[in-house]
Structure formats: C-alpha cells, structure tokens
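Summary of the model geometry
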Amino acid sequence: MPTSLPHIAVIALGSNLDRPQEQVKAALEAISRHPQIELNRVSSLYITAPVGYADQPDFVNAVCIVQTALDGRELLAVLNRIENDFGRRRSFRNAPRTLDLDIIDYNGETSSDPHLTLPHPRAHERGFVMWPLAEIAPDYVVGLHGKASELAAKLGEDGIRLQNKVV
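Per an unreviewed UniProt entry, the chain goes by the name 2-amino-4-hydroxy-6-hydroxymethyldihydropteridine pyrophosphokinase and belongs to Neisseria dumasiana. Per UniProt, the chain has the following entry under Pathway (unreviewed entry): "Cofactor biosynthesis; tetrahydrofolate biosynthesis; 2-amino-4-hydroxy-6-hydroxymethyl-7,8-dihydropteridine diphosphate from 7,8-dihydroneopterin triphosphate: step 4/4."

**So, the overall build of the chain**
Each helix and strand counted, the chain has 4 helices and 10 strands in total. In terms of overall size, the chain behaves like a compact globule, its C-alpha atoms giving a radius of gyration of 15 Å where 167 residues would be expected to give roughly 15 Å. Its C-alpha atoms give the chain principal-axis dimensions of roughly 45 × 35 × 35 Å. Across the chain, the fraction of contacts at a sequence separation of at least 24, relative to all contacts at a separation of at least 6, is 68%. If you sum the accessible surface of the chain, you get close to 8600 Å²; carbon and sulfur atoms cover 50% of it.

**Side note on the pattern of salt bridges**
A full pass over the atoms with the stated rule returns 4 salt bridges. The salt bridge involving Asp-113 is made with Arg-73; its shortest N-O contact spans 2.4 Å. Remark: Arg-73 occurs in helix α2 (residues 72-85) and Asp-113 occurs in strand β6 (residues 111-113); sequence separation between them is 40 residues. For Arg-73, a relative accessible area of 48% corresponds to the partly exposed category. Lys-147 is the salt-bridge partner of Asp-139, the closest N and O atoms lying 3.8 Å from each other.

**Observations concerning unusual backbone geometry**
The peptide bond linking Leu-118 to Pro-119 adopts the cis configuration, its omega dihedral lying at -15 degrees. Within the secondary structure, Pro-119 is located in the loop between β7 (116-118) and α3 (127-136). Phi at Asp-18 is positive, roughly 55 degrees, even though this residue is not glycine. Along the polypeptide, Asp-18 turns up in the loop between β1 (7-15) and α1 (20-33). According to the relative accessible area criterion, Asp-18 is exposed, its value standing at 56%. Positive phi is not limited to glycine here, since Arg-19 has a value of about 60 degrees. By the secondary structure assignment, Arg-19 is in the loop between β1 and α1. Residue classification places Arg-19 among the exposed residues on the basis of a relative accessible area of 59%.

**A look at α3**
The buried count for α3 comes to 7 of 10 residues, which makes it a mostly enclosed element. Buried residues of α3: Gly-127, Val-129, Met-130, Pro-132, Leu-133, Ala-134 and Ile-136, and no others.

**Details of the pairing of strand β5 (residues 100-106)**
With respect to burial, β5 is a largely interior element, 6 of its 7 residues being buried. Note that β1 and β5 share 6 bridges and pair antiparallel. Bridge assignment links Leu-13 to a residue of β5, and that residue is Leu-101.

**A few points about the environment of Val-42**
Relative to the assigned elements, Val-42 resides in strand β2 (residues 37-42). Residues Val-42 and Ala-27, 15 residues apart in the sequence, show an inter-C-alpha distance of 12 Å.

Reading the values: rules and limits
Residues numbered from 1 in each chain as written. Predicted model: local features only at pLDDT ≥ 70, side-chain atom pairs only at ≥ 80, totals over all residues. Heavy atoms only, no water. UniProt positions renumbered as here; feature names shortened; annotations may be inferred. Helix = DSSP H or I, 4+ residues; strand = E, 2+ residues; numbered from the N terminus. Rg over C-alpha atoms; globule rule 2.2 N^0.38 Å. Contact = heavy atoms within 4.5 Å. Areas by Shrake-Rupley, 256 points an atom, 1.4 Å probe, with all protein chains shown as cover. Salt bridge = Lys/Arg side-chain N within 4 Å of Asp/Glu carboxyl O. Buried < 20%, exposed > 50% of the residue type's maximum accessible area, 1.4 Å probe, protein only. Pairing = 2+ DSSP bridges.

As structure tokens, this is what we get:
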C-alpha cells in the first residue's frame, strides 16, 4: 500500500544500559507509534563493542528506515523526546546510555547545521551503523562515502556480532 509520507530517513538506535535489547525494541515501538512516522525496514539487533570510551558494557544496535511527514529538525526533536522518555542523560561524549537515536540520513540531503549534520558525520566510520544498514539496504548510499554494504565490508566485523532479528 503506497504511503503519503514524502521523506525517507535512516535512524540508528543504540543502548547499553537498563536491558538494552528491550530499550531498542521499545524505542522502535515508540517511533512507529508517531502518527507522522512509518517504519519501513528494521535491521536485526547487533551486539557491538563500545567506541571512544571503552570502559562500559557492550551496546545493542539496530538501524531502521522510516518514511515521515516531518522535516529533519522535527524528526530530530521527536527522537530527542523519545531518548528523554527513556532516561537518556548526556554526561560526556560516548558515555553509556539507555538510548541513543541518531538520524544517519534524511532524503539524501547534506547539511552542516550543528544541530542536524547530514549525513551523520561519522556514520560511515561506524560498523555498528553500517552492518545493520547493509543488512536492510545494502545499496543505500551514505553521503559521498559509498554504499552501506561496501562501507561495512571495509570496516570489518571486529567487535560486532548479530544478536537476533527484531520481531
């Protein structure tokens, strides 16, 4: 059934606190309940080693592709509210978290806005984003960096393992 939602966005999800697998699944539910967002594809869950600050538990990560009537800033505001509802605290960069929701791409647009940089400036360097994205959209082009499947292969599988399919 065709949708009337004109924009496509890629969202990365991650959690490593307070039952992370359940956090990610519940976040997907929260996103899907928004009247102006429709989940199109959802990756499996992946267990990944932390990046940056290593003295913390492994993460559970996933990626979803949505269609939305929201513009990029509105979508970011919705995702930030969901993070807050899940108890997200921003104590320091790469800190442990109950939930992290990042817009990786929005309509293939480029933006250097400090509040919403598009595509996400480090997504192409992150296996925990590229492997789930490559699973559900291997030919998805991430900015000028290339296809998700090619980027995932370049990054390798170290520190990343498939957990299970989101149902």
